[in-house]
Amino acid sequence: MDDGLRNELSKQGVVVVKLEELYNWGRKNSVWPLSFGLACCAIEMMAASMARYDLARFGAEVFRPSPRQADLMIVAGTVTKKMAPQVVRLYNQMPEPKYVIAMGACAISGGPFKQGYNVLKGIDRYIPVDVHIPGCPPRPEALIHAFMTLQRKIDAQKLTGPDRARHLNADLPSEFPVPLFGEHDLVPSKNPNVWRPAVVVR
Amino acid sequence: MLGTGILKGMVETAKNFAGSYHDPERLTTVEYPEQRIASKENARQFPFLVHDTEDPMQGLRCVACQICEKECPPQCIYIVKSKDKRADYKGQMQLYPVTFDIDLSVCMSCQICVEVCPFEAIKMDTEFELSNTDRFGGLLVNKHQLAKSNEHYRKIHPTEAAVSDDALAIEVAKAKAKAKADVEAKAKAAADAKAKAEAAAAAAPVGVAATAPVPKPSAPAAAPAAAPAA
Amino acid sequence: MDGTQFMTFHDLAYDAGKTDFQRKAEVIGVGREGELLEVAMGPQHPSTHGVFRMDVVLDGETVVKLKPVFGYLHRNHEKIAENTSYLGSMPYTDRLDYFCSLTNNWAYALAVEKLAGLQVPERAEYIRLITAELTRVLNHTCLAGFLLQDMGALGTPLMYAFREREKILDLFESLTGARMMCNYMRFGGCRCDLPAGWLAEARKVVAEYPKFLDEFDALLSGNEILMARTQGVGKLSAELAINAGITGPMLRASGVDYDLRKVDNYGIYSRYPFRVPLGDHGDVYDRYMIRMLEMRESLKILEPALKDIPEGPVVDPKAKLRGFRPKPGEAYGRIETPKGELGFYLISDGSPNPYRYRVRPPSLINLTILEDMCLGQTVADAVITLGSVDIVLGEVDR
Amino acid sequence: METLEQTLARAAVAAPGAQLSVVKNDSPCAQHSLLVDVEHAYAVAKFLRDDPQLRLDYCSNVTGVDFLDAELSEKVKVKKVVDGVEKEVEEVKKTKRAGYLEAVYHLYSMALKHGPVILRQRTPGRADPVKVTSLTPLWRSCEFQEREVFDLYGVLFDGHPDLRRILMWDGFKDYPMRKDYAEPDDYEYEPTPHDEVLEKAKAHLPKAEVKA
Amino acid sequence: MAELFAKLDQFPVTLKAWLMNLLQGFLPEWTLPLVSAAISITPILAVFPLMFALTTVIERKGLGRIQNRIGPNRVGIPLTNIRLFGFGQFIADGIKSLIKEDVVPRAADKVVHFLAPIALLIPVLLTYSVLPFGKNMVPLDLPQTGLLFFFAVGASTELSVFMAGWSSRNKYSLLGAMRAVAQMVSYEIPLILSSLTVVMITGTLSLTAIVESQATVHFGFLHNWHLFTPWGLVGFFLFLTAAAAEANRTPFDLPEAESEIIAGYFTEYSGFKFAIFFLAEYLGLFAMCGLGITLFLGGWLPPVNIAPFTWIPSWCWFLGKLSALIVLFIWLRGTLPRLRTDQLMGFAWKFLLPMTLINLVVAALWHLLANNIPLVARWPLGFAMLAVPYWLLGRSFEAKFTKREYRFAN
C-alpha cells in the first residue's frame, strides 16, 4: 500500500495500521536504558532522569540494572581499555533489539583523554553506536535530544527488505567479540567489522 | 515511639505529592522539547568563529595564528594557514585559515581557545542540540559550519560581545590613525608599517578583556575593510 | 571460623601492619572455598558509584573477604597533564571529582600559586570561598541522596537532592558557563568576574537551603529503617582512620578533629567562625549526619561571605595566561574538598609543562580501609559503607 | 616546628648509619625535603612517626617521580687567567647524571597539626631492580599509593604486603608513567591530528591524504 | 432507584446466568461446568492484568509526582499524537516486551528457566479463585477451606521464585532466590497468624462467610468491619506488613534489591518472561490486598449502611478499596529505604510474631467478653493490651538505635 492511498484512507476515517508501524511505535516509546554510568557524563545522565528534565516523560526512566532487561545502553563517560571488554560484554548480554547512545566526547572518540595510554578512542571501535552526543558533558537536554533522535531512527527502521533493522538481519551479528587484555594494549585494538574510519577530504 | 520517623517521612512525601499540583517549587520539570530553560548569559557549549561581513568566509576574524590549536587541551582544532594574505577588519594584510576544523566529538568546552585568542575571533556558542547518528560527517565541523556572525555573538552573550566590540573598535581606531599617519608621512616603506601594525596587534589585550577596564568609546562595531589597504 | 572474630576486627588499632594482613590471609584461606560464594560486584553494578569493582567472598550473606579493584576509569590524568601546559590541565582537574569541579580547580590553582609565588586578590579569594562552600553543600546533598539510593529508597531522596543541586548548578552555570565542568579558577585569581545579579541569586539559594535540609531531615534522618541500617555499620576507629590517612567528613565522623580549613587556614576561612562537627561512633550514620551538619555550617560561612564580598580585580595582573613557566622547584598544595584532602604535587623544571604532576586523591585513600570496615557484615552493609565513603571514580582512578 | 636540618640531625641519631641529606626546593613555597637511603628509610620514617616532637602520624601523599639519564648543565663561576688578568668567568659545566626513580612521601601530623615533612627515597638507577623500602607497615595510607607507584613506575616496595598492579590490568607489561614509555600504536584515524599524532598519521595513511 | 442499583450491582451475575441459560440449549451437559468456570475466569483474566497495566503507569506517575516531576505523559494511543496523559505507556511496554529477544543463559537449566515464570503466574492466578469480588461474585466458593486454599496456593510461589533463581546460574539470582525463600517463609507465619484472628471470631474459613459476618450494623449505620475493632485494626496493619513482605514490596524488596543484587532472582530474565515475572508480582500484591480487604475491610461492603453508599455496586467497593491499598503501597515505595536481611528476619520473628500472638489473645478476649463488658469499655481495654507491648518493643528498638547529638570542635 502506498502512502498516497493511506492518506486517502485516513481522510476517509479508515485507519490502516501497518504492523511495522506498531512494532516501531512500541519499541521507540518503551526504551529502557541500562543503568550504566562510567564517568562524568553519567551524572548528567542521572540528572536527565531527575525532576528538572525528567526522561520519564518519554517512558524511559526505567533504568534497569540488569542488561537482560534493558534496550538502550547509554555509554556515558570515558571507556578505558580496562573497562572496554566489560562494556562489550554488557552489550552482548543485552537482548535484541538494542541500541547504543555514545554520550559525551569520551565515549565517542576518547575526547579530552584520547591521548591517554589507558583510554579507548571511542566505543565505536568495538560496538555499533546509534547516536553520538558531543559535549563534555552534554547537557541533560542534549541527552533528551539524542533520545528523540534515536526515536526517530527507530521509527524509520524497516522490518523487511535489504535495509531492514540490524536485529532482524540474521547475517549481521548481534554479539561482538570481546577484546582481551594484552601485554601492551587490548587485543585486538579494534574490531575491523565495526570500526571503519572515514577519511575526511578537506 | 517506633514508627514516628517513618510516618514523618510519609507526610513529607505526601506534601511533595500534593504540592506538585499547585506549587511550582514542587514540580520542577521543564518539558524540554516544548519548554526550555532560559540560557544563561555565560553559558558555553562549543566554539564558533566570528565573522563581520555578509560573506562569512571573507569576514572571518581568524588570522590562522594557530595559538588556539596549540593551547587547546584536547587538541581538537586543526588549522591550515593560507599561502596568501588578505585584508582583515583593520585593513591589515593577514593570513587566513584555509582549513579550520573542530572535532566536536573531542571538544571539552573548556573555553581556553577563547581565552588565548588575541583577535576575538573564536567564541563559545550555546547550541547543544547536536546529537547525530554520523560520527565523522556530523561532528567534524569545518569553517563554513563554524562561522557565525557577530550579531549572533551579540545575541547570545551581550555583555561579553560589547566588551569585545569595544576592544576591536579601539584597534580599528588605532589602525586608522596609523594608516593616516602612514599616508601623511609617505616616506616609510609599506613593510615597515606592517611591522608596526603587527607589533600593535601583538600588544592587544589578551584574555584580560573581561576584567581590564576598557574605555568605552561609542564607536560602531569593527567595520571590515574600513581602512584602506596599505 | 565464627563471624564474631571479624566483627571486632575493625575495632583494632592498626598495629605495625603485619598482624592485619596475616589475619586477613587467615580469614580468606582455610579451605572453605566450596562453602563460600565469590561475587565480583562491579565494574557495572548499580551501587558502586561508577566503574568500581569489589571482589567479595561471601559466607551466606556475610562478607569474609573484600578486595577493591580499581582502574576502570584510569584515564591517565597525570600523564596527560605532564604533556600539557599548566593552564591546559585546569579543565582536566574539573573531571577528577566531577561533583566538585570548583574545589578541584582551587586545589590545583593553590598548588601552582605556591609553585610560582602568585598572590590572589581579595575579591577572588571571596569568590573562591563562596564557590567552594557551594560545592561542598552540593556534594554533600548529592551524597546523601546516593547513600539513600544505595539503601533502597528508590530515588526519592536522590530526586530531592538533585532538585537542590540544579539550583546550585544554575548559579555555577551563570558564573562560569558550564554546569559541571566549570574550569573557572586561574593561577592568581578567577577567570571572570561575577555577572550582574549573581550575588542576589546566590543569597536567595543560600537563604532557602535550610528549608531543604529540614525537609530531608524530616524525610529520613529520624527514619527507623535508616537508623537500623546505618547505626553500628561500617565502624572505623580513630586510630585506624589516622593511620590509613582518611580525611574529610569520614575522618571527622570517627572523632578526629582535623579540617584543613582550620589547620592550613588557606584562603580566607579564618575570617569566618564555623564549627567542625565530630562523630563519636565512626559508623555510617555518623558519616551521614556529619555531612548534614557540615552543610549547615557551610551555609553559616556563605551567608556573611556573600554580604562581605569587596569590589576589586579578580585576577593577579602578574599572572600570565600564555607562556606560563614557573621556575624550577616543587610544591605541594592541598585544600579541604568535600571528600577530604585534595592535594596537588607539582615539580617544575622550568618548561611550560609540569615535570611531575601528582594528584593526591581523597577518594582513593579513603577506600584503603574499605575491607576492614566491611568484614563480618552483610553485602547490604558493604554497599552502604561504600556509599558513605563518598567516592567518585574519576578521582579514585584519575 | 623545628627546621628540617634539626630534624635531620635528630633522625641521624635515632637511625644510626642512615645517609640523610636535605634536598633544597627553590620555589617560593620552599618545601625542602629529606633524602634518605633505601636501607634506613624504615628506621627514619619510624622515628618521624613516633618522635613526640614530630608525631607525623599521617602520611598524606606518596608520589613516584622518574628522572631520566640527563646531562646537567650548570653555570659555574670559575676564576681564570684571561689575558694575564684573573677574572671570574661563567662557564657551563656539564655533568652526566644517571637516571633514577624517586618515591616522595608527604608527612603531616594530625595530632600536632603541623607539616609537611617531605621524605624522599631514591633508587640507584632506572634498570632492575628498582627497589625502595615500603612504608606501608608504618602508615596504612601508603598501601594503595605505593601500589600505584609500582604499577605506573615499576618501583618495587620492599615489605609491601600486597604489591600488585592497581590501575592497569594484571597482564600489562609496561610502566606507563615512566618518561620513556612508548604508547602502543593503535592509531587509526583522528580528524584533527597534532604533533606526535600527526607523525603517526603520516605513517599510517598514504601521504596524499595528510596535509600539514 | 435502589432496585436499579441493585441490578447494576448484580449485573455480572445475571450476565453469567443469562449466558449459561443461552448455552444450555446447544451444549452437551458435561461441558457446562467447564463453560461456567471459563465464564468466571474470563473477567478475572481481563480485569486484573489490565489493572496491573494501569498500575504500572499510575505507579510511575505517582512516584514522579512524589519526586517533583511529571512522570510518563507522552505515550498515548498508538500511532497518534493523542497523549492521553501517558496512559498508553503500558501498551508500548507490552509491545516492546513481546518483541524483545528472549535470552536464555548458556549455563542455565533451560527447562526450569522456562517453567519458572509460568509456575509463578499460575498459583498467583489460582489465589483469585476464592476471593469474593462482590456480592455473589466468587469464582470458587470453598465453604470449608477458602482461606486455607489461598494460603496453600500462595505459598507455592516460593518454589517458583527459587526455580527462577537457581536455574539462572547467576550468583545474584541465587542470592535473590535465597533471600526470597527465607523472607517468604518467615513472613507466612505472621501473615497467617494475623488472619487467624478473623477465623477465630467468625468461626469459618470461607471468605464469603467472613465478608457476610462483617455485614452486621453498629449504631444503625456503621458496618461491623473487623478494622473497627482493636484487634482488627492492629491485625490489619500486621497483615499489611506481612503482605508487603510476601509481595516483595518496599521496604521488604530484598529479593530484588537493585543496589545490592542487581535484579535478584529475575536478573537473567528478559523479554516476555521478565514481563510475566512483573505481572505475577503485581497480581500477587493485588491478591494479598484483596485478602486483606476481605478479612478486615469488609470485603465488598460499603463502610456505612446509608443510601448513596449502598447504591454503589459491591464490586466497585472492592476495586476501590483495592486501589486505595495499592496507592498506599506506592506511597510507601516512594518513601522508605530498604531493610537488611537480618533485620528483616528479626522484624518477622521478634516483632510481628509476638504482636500477632498477643493480637490473638486480644481477639479471643474481645469475643469472650462480648456479653459482659460494653463496647465502650472493651475498645480502650483491647487497644491498651496491644499498645503496651508495642510500646515496649519500640523501647527495645530505641535502646539500640536513636537519634544522636553531635559535638563540635571550634
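Residues numbered from 1 in each chain as written. Chains lettered and ligands numbered in written order. Predicted model: local features only at pLDDT ≥ 70, side-chain atom pairs only at ≥ 80, totals over all residues. Heavy atoms only, no water.

On to the overall build of chain C, then. The secondary structure content of chain C amounts to 17 helices and nine strands. In terms of C-alpha radius of gyration, chain C reaches 22 Å, essentially the compact-globule figure of 21 Å for 398 residues. Evaluated residue by residue, chain C yields a buried proportion of 74% over its 398 residues. Across chain C, contacts joining residues at least 24 apart in sequence account for 72% of those joining residues at least 6 apart. As displayed, chain C offers around 9,700 Å² of accessible surface, 53% of which is attributable to carbon and sulfur atoms. Distance between charge centroids for chain C: 7 Å, based on 46 positive and 54 negative side chains. (Helix = DSSP H or I, 4+ residues; strand = E, 2+ residues; numbered from the N terminus. Rg over C-alpha atoms; globule rule 2.2 N^0.38 Å. Buried < 20%, exposed > 50% of the residue type's maximum accessible area, 1.4 Å probe, protein only. Contact = heavy atoms within 4.5 Å. Areas by Shrake-Rupley, 256 points an atom, 1.4 Å probe, with all protein chains shown as cover. Lys, Arg positive; Asp, Glu negative; His and termini not counted. Charge placed at Lys NZ, Arg CZ, Asp CG, Glu CD.)

Residues and elements named next belong to chain D. A contiguous patch of negative charge on the surface is contributed by Glu 183, Asp 195, Glu 196 and Glu 199. Of note, Glu 183 is situated in the loop between β9 (156-158) and α4 (195-204). Using a relative accessible area of 32% as the deciding quantity, one classes Glu 183 as partly exposed. (Patch = residues over 30% accessible without salt bridge, like charges linked within 9 Å, V, L, I, M, F, W, Y side chains within 5 Å. Salt bridge = Lys/Arg side-chain N within 4 Å of Asp/Glu carboxyl O.)

Now for the sheet that holds strand β2 (residues 77-81) of chain B. All names here are of chain B. As summarised here, the arrangement of the three strands in space is β2-β5-β7, forming an open sheet in which the pairing is antiparallel. Pairing within the sheet leaves two strands with one partner each, and these edge strands are β2 and β7 (140-141). When β2 meets strand β5 (residues 97-103), the two strands line up antiparallel, connected through five bridges. Bridge pairing in β5 links Tyr 78 to Asp 101. (Pairing = 2+ DSSP bridges.)

The next subject is the pairing of strand β2 (residues 33-36) of chain D. Residue and element names in this part refer to chain D. Neither face of β2 is exposed, since Ser 33 and Leu 35 on one face and Leu 34 and Val 36 on the opposite face are all buried. Both strand β1 (residues 20-23) and β2 contribute to a ladder of four bridges, which runs antiparallel. Residue pairing in the sheet places Leu 20 in a bridge with Val 36 of β2. As paired strands, β2 and strand β7 (residues 114-122) are joined by four bridges and run parallel to one another. Across the sheet, residue Ser 33 finds its bridge partner in β7, namely Ile 118.

On to the pattern of salt bridges. Within the structure shown, the criterion is met by 91 salt bridges over all chains. Taking the shortest distance from any N to any O, the salt bridge between Asp54(A) and Arg69(E) comes out at 3.1 Å. With one member in each of two chains, Asp54(A) in the loop between α3 (40-49) and β1 (72-76) and Arg69(E) in the loop between α3 (32-66) and α4 (89-99) form a pair that bridges those chains. Asp54(A) gets classed as buried once you look at its relative accessible area, which sits at 0%. By relative accessible area, which is 4% here, Arg69(E) ends up buried. Note that Glu96(A) and Arg166(A) form a salt bridge whose closest N and O atoms lie 3.2 Å from each other. Of this pair, Glu96(A) sits in the loop between α4 (84-93) and β2 (99-103) while Arg166(A) is found in the loop between α6 (140-155) and β4 (180-181), placing the two residues 70 residues apart along the sequence. Relative accessible area serves as the criterion here: at 8%, Glu96(A) is assigned to the buried category. One network of salt bridges, with partners in common, ties together Glu78(C), Glu82(C), Arg356(C), Arg358(C), Arg398(C), Glu148(D) and Lys179(D).

Ranking the nine pairs of chains in contact by number of contacts places chains C and D first. Nothing in chain D touches chain E; the tightest C-alpha to C-alpha distance between them is still 14 Å.

Let us now look at the interface of chain C and chain D. Often the size quoted for an interface is simply the accessible area lost on bringing the parts together. Chain C puts 51 residues into the contact, and the matching count from chain D is 50 residues. Taking both partners together, chain C and chain D bury about 4,000 Å²; carbon and sulfur atoms supply 55% of that area. The interface formed by chain C and chain D contains five salt bridges. The salt bridge partner of Arg358(C) is Glu148(D), with a shortest N-O separation of 3.1 Å. The interface formed by chain C and chain D contains 28 residue pairs in polar contact (both at pLDDT 80 or more). No other element matches strand β7 (residues 329-337) of chain C, which puts five residues into the side of chain C that touches chain D. Considered class by class, the residues forming the side of chain C that touches chain D number 25 nonpolar, nine polar and 17 charged. (Buried area = accessible area lost by both parts, 1.4 Å probe. Polar contact = N/O pair within 3.5 Å; in protein donor to acceptor, adjacent residues only side chain to side chain. Nonpolar A, V, L, I, M, F, W, Y, C, P; charged D, E, K, R; others polar.)

Moving on to the side chain of Ser30(A). Tracing the chain through its elements places Ser30(A) in the loop between α2 (19-29) and α3. Within polar-contact distance, the side chain of Ser30(A) engages the side chain of Trp32(A) at 3.5 Å. The contacts of Ser30(A), once residues within four sequence positions are left out, are Gly59(A), Asp71(A), Gln89(E), Ala92(E), Asp93(E) and Lys96(E).

Let us look at the packing of aromatic side chains. For the structure on display, the rule yields 57 aromatic pairs over all chains. Note on Phe187(C) and Phe324(C): the rings are 5.1 Å apart at their centroids and 25° apart in plane angle, and the pair reads as stacked. Within this pair, whereas Phe187(C) is found in the loop between β4 (185-186) and β5 (189-190), its partner Phe324(C) is found in the loop between α13 (284-308) and β7, the two being separated by 137 residues in sequence. For the pair Phe187(C) and Phe324(C), a shared accessibility class is recorded, and that class is buried. Taken together, Trp32(A), Phe52(E), Tyr265(E), Phe266(E), Tyr269(E), Phe274(E), Phe277(E), Phe278(E), Tyr282(E) and Phe286(E) form an aromatic cluster joined through their ring pairs. The residue whose ring lies beneath Arg169(E) is Trp166(E), and the NZ or CZ to ring-centre distance is 5.3 Å. We note Arg378(E) situated over the ring of Trp366(E); from NZ or CZ to the ring centre the distance is 4.4 Å. (Phe/Tyr/Trp six-rings, centres within 6.5 Å; stacked < 30°, edge-to-face > 60°. Lys NZ or Arg CZ within 6 Å of the ring centre and 35° of its normal.)

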